[in-house]
Amino acid sequence: QVQLVESGGGLVQPGGSLRLSCAASGSIFRIAAMGWYRQAPGKGRELVAHIINGGATNYADSVKGRFTISRDNAKNTVFLQMNMLKPEDTAVYFCNVLSTDNTYWGRGTQVSVSS
């Protein structure tokens, strides 16, 4: 079974930075997109950023200019560099991989932004 393992979450002060990583392992599959979603307390899951096959990226308006998504295709790894973090960025961040025939999710990593 394909597994996605997130890392890099933690507690930072407003204005700080974190870098999330997600490594996908398991059976070979064709990746169409890799990205990050987040779920804040009491809210639904929302897209943060995606990078699609070919390199194009999408970002939620709330994170544009602050977050950068990147990937290492050889290692099936996706990253999310988060700068100028705000308290409203506090959430569990989930790695997502979309293949041609399935969607995979990590178990999440907590990001907390607080003074």
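The text that follows walks through the structure, step by step, so that each part is easy to find. This structure is a prediction, so every number in the text was calculated from the model and none was measured. (Residues numbered from 1 in each chain as written. Predicted model: local features only at pLDDT ≥ 70, side-chain atom pairs only at ≥ 80, totals over all residues. Heavy atoms only, no water.)

Structural notes on the overall build of the chain
1) Next: Helix and strand counts for the chain come out as 0 helices and 11 strands.
2) Next: Computed over its C-alpha atoms, the radius of gyration of the chain comes to 13 Å, within 12% of the 13 Å expected for a compact globule of 115 residues.
3) Next: In terms of overall dimensions, the chain has C-alpha extents of about 45 × 25 × 25 Å along its principal axes.
4) Next: Here the chain displays about 6300 Å² of accessible surface, and carbon together with sulfur accounts for 47% of that area. (Helix = DSSP H or I, 4+ residues; strand = E, 2+ residues; numbered from the N terminus. Rg over C-alpha atoms; globule rule 2.2 N^0.38 Å. Areas by Shrake-Rupley, 256 points an atom, 1.4 Å probe, with all protein chains shown as cover.)

Digging into the layout of surface pockets
1) Next: In this structure, the largest pocket occupies an estimated 180 Å³ of space.
2) Next: Together, 14 residues line the largest pocket, and Arg38, Lys43, Glu46, Glu88 and Asp89 are the ones closest to its centre.
3) Next: Looking at side-chain class alone, the lining of the largest pocket contains 4 nonpolar, 3 polar and 7 charged residues. (1 Å grid on protein atoms, 1.4 Å probe; cavity = no way out; pocket = protein on both sides within 12 Å on 5 of 7 lines; lining within 4 Å. Points joined across faces, edges and corners; volume = space filled by probe spheres on them. Nonpolar A, V, L, I, M, F, W, Y, C, P; charged D, E, K, R; others polar.)

A word on the state of the cysteines
1) Next: Considering all chains together, one arrives at 1 disulfide under this definition.
2) Next: Between the sulfur atoms of cysteine 22 and its disulfide mate cysteine 95 the distance is 2.0 Å. The S-S bond linking cysteine 22 to cysteine 95 shows a torsion near -85°; that makes this disulfide left-handed. Pair noted here: cysteine 22 is in strand S3 (residues 18–25) and cysteine 95 is in strand S9 (residues 91–99), with a separation of 73 residues, a long-range link. (Disulfide = S-S within 2.5 Å.)

Side note on the sheet that holds strand S1 (residues 3–7)
1) Next: One open sheet accounts for 4 strands, arranged S1-S3-S8-S7; its pairing is antiparallel. Every interior strand has two partners, whereas the edge strands, S1 and strand S7 (67–72), have only one. Pairwise comparison of adjacent strand axes, ignoring direction, gives a mean angle of 15° for this sheet.
2) Next: Note: S1 against S3, 5 bridges, orientation antiparallel. The partner of serine 7 across the bridge, within S3, is serine 21. (Pairing = 2+ DSSP bridges. Axes fitted to C-alpha atoms, helices over the stretch in contact; angles between N-to-C directions.)

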